[in-house]
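Tertiary structure, described
Residues per chain are reported as follows:
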Amino acid sequence: MWIAGAGGVGREALDTALAAGTPVSGFLDDRAAGTTVRGLPVLAPSDLPPGSPYLIGIADPAVRARLAELLSGLGGVATTLVHPRALIAPGTLLGEGCLVMGGAYLSSDVRLGRHSQVHYNATVGHDSVLGDRVTVYPGGNVSGSVVLDDDCTVGSNAVVLQGRKLGRGAFVGAGAVVTRDVPAATTVIGSPARPLRKD
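Residues numbered from 1 in each chain as written. Predicted model: local features only at pLDDT ≥ 70, side-chain atom pairs only at ≥ 80, totals over all residues. Heavy atoms only, no water.

As a further point, take the sheet that holds strand S6 (residues 77-78). Taking strand neighbours across the sheet as the criterion, the six strands line up as S3-S4-S2-S1-S5-S6 in an open arrangement whose pairing is mixed. With partners counted over all chains shown, the strands left at the sheet margins are strand S3 (36-37) and S6, one partner each. Across three bridges, the pairing between strand S1 (residues 2-4) and strand S5 (residues 53-56) is parallel. If you follow Ala 4 over to S5, its bridge partner there is Ile 56. Against the sheet, helix H2 (residues 61-73) contacts S1, strand S2 (26-28) and S5, and its axis sits at roughly 170° relative to S5. (Pairing = 2+ DSSP bridges. Helix = DSSP H or I, 4+ residues; strand = E, 2+ residues; numbered from the N terminus. Contact = heavy atoms within 4.5 Å. Axes fitted to C-alpha atoms, helices over the stretch in contact; angles between N-to-C directions.)

Since there are 3.6 residues in each turn of an α-helix, residues three or four apart along the chain are aligned in direction. Look at helix H1 (residues 8-20): 18 Å from first C-alpha to last across 13 residues, which is about the 18 Å you get at 1.5 Å a residue. Those residues of H1 that sit buried are Val 9, Gly 10, Ala 13, Leu 14, Thr 16 and Ala 17. Relative to the axis of H1, the buried residues are bounded by an arc of 160° and lie together on one face. Of the residues trailing H1, Gly 21 is marked for its positive phi of about 75°. (Expected span 1.5 Å × (residues − 1). Buried < 20%, exposed > 50% of the residue type's maximum accessible area, 1.4 Å probe, protein only. Arc of directions from axis to C-beta.)

What follows concerns the side chain of Asp 150. Mapped onto the fold, Asp 150 is located in the loop between strand S18 (147-148) and strand S19 (153-154). Within the structure, Asp 150 has its side chain in polar contact with the backbone nitrogen of Asp 132 (distance 2.8 Å). Those residues in contact with Asp 150 that sit more than four places away from it in its chain are Gly 131, Asp 132, Arg 133, Arg 168 and Gly 169. (Polar contact = N/O pair within 3.5 Å; in protein donor to acceptor, adjacent residues only side chain to side chain.)

Quick look at unusual backbone geometry now. Note that the residue after Ser 191, namely Pro 192, is joined by a cis bond; omega there is -5°. Among the secondary structure elements, Pro 192 is positioned in the loop between strand S24 (187-189) and strand S25 (194-195). Notably, Arg 133 is not glycine yet its phi reads approximately 60°, a positive angle. Note that Arg 133 resides in the loop between strand S15 (129-130) and strand S16 (135-136). Arg 133 gets classed as buried once you look at its relative accessible area, which sits at 12%.

With parallel pairing, the six strands of this open sheet are ordered in space as S8-S11-S14-S17-S20-S23. Two strands close off the open sheet at either side, each with one partner strand: strand S8 (87-88) and strand S23 (177-178).

Where a protein is soluble and globular, its nonpolar side chains tend to be buried together. In this structure, Leu 148, Leu 166 and Val 178 are the most contacted members of the largest nonpolar core, which totals 28 residues. Residues in contact with Val 178, not counting those within four places in the same chain, are Val 159, Val 160, Leu 161, Arg 164, Leu 166, Val 172, Val 188 and Ala 193. Listed in part, the 18 residues of the second largest apolar core include Ala 6, Ala 17, Ala 32 and Val 42. (Core = buried A, V, L, I, M, F, W, Y, C linked by side-chain atoms within 4.5 Å.)

Glancing now at H2. The end-to-end C-alpha separation of H2 is 18 Å, in line with the 18 Å expected for 13 residues at 1.5 Å each. Where H2 is concerned, the buried positions are Pro 61, Arg 64, Leu 67, Ala 68 and Leu 71. Summarising the axial view, the buried residues of H2 lie within an arc of 120°, below the 170-degree limit, and thus occupy one face. More than 90 degrees from the buried face of H2, the exposed residues found are Ala 62, Glu 69 and Gly 73. Looking at the buried positions of H2, the neighbouring elements they touch are S1, S2, S5, strand S13 (117-118), S16 and S19. For H2, the N-terminal cap is Asp 60; the gap from its side-chain oxygen to the backbone nitrogen of Ala 62 is 2.8 Å. Two residues or fewer after H2 comes Gly 75, characterised by a positive phi angle close to 95°.

Laid out in structure tokens, this is it:
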């Protein structure tokens, strides 16, 4: 497996791979190409060997979308990676290219879209549907029957209450408590969460 991104999330993806016993060939990162990170070589993403499995270890959903298109176009195969100390309940389905870190819990009948990430100690409640490239940061809590559209982000220790819906690209700030639906491309903060004012 090759990990796209040699920054913080990429190195956490490596930690997950090591714990899961998944061999990692190296990293793909334009900024660090030609160096080594954690003893592994770093190539430019365009140098991914054809047919290689890859996982994108980058938090930004827009960058994930661009890299997924590039790497799959080069013949790469998006691969899902789950830490052995994550709990995945029955009936839950993970899309290709997902990353689930240690201590995460995905409850019954959750749907996780392609290239989505659930970071360490985050939880996703029963019957929730997460679109493509969704991120739940460390300690985030998504309650049951929540819908997170493509490219949504739930910040560290934020809470999304039961049955809420977040539109595409919505961003929940760290520690926020979402008590009502959030429109697309809206950042909310605080408890209860309110849209961030742009002064």
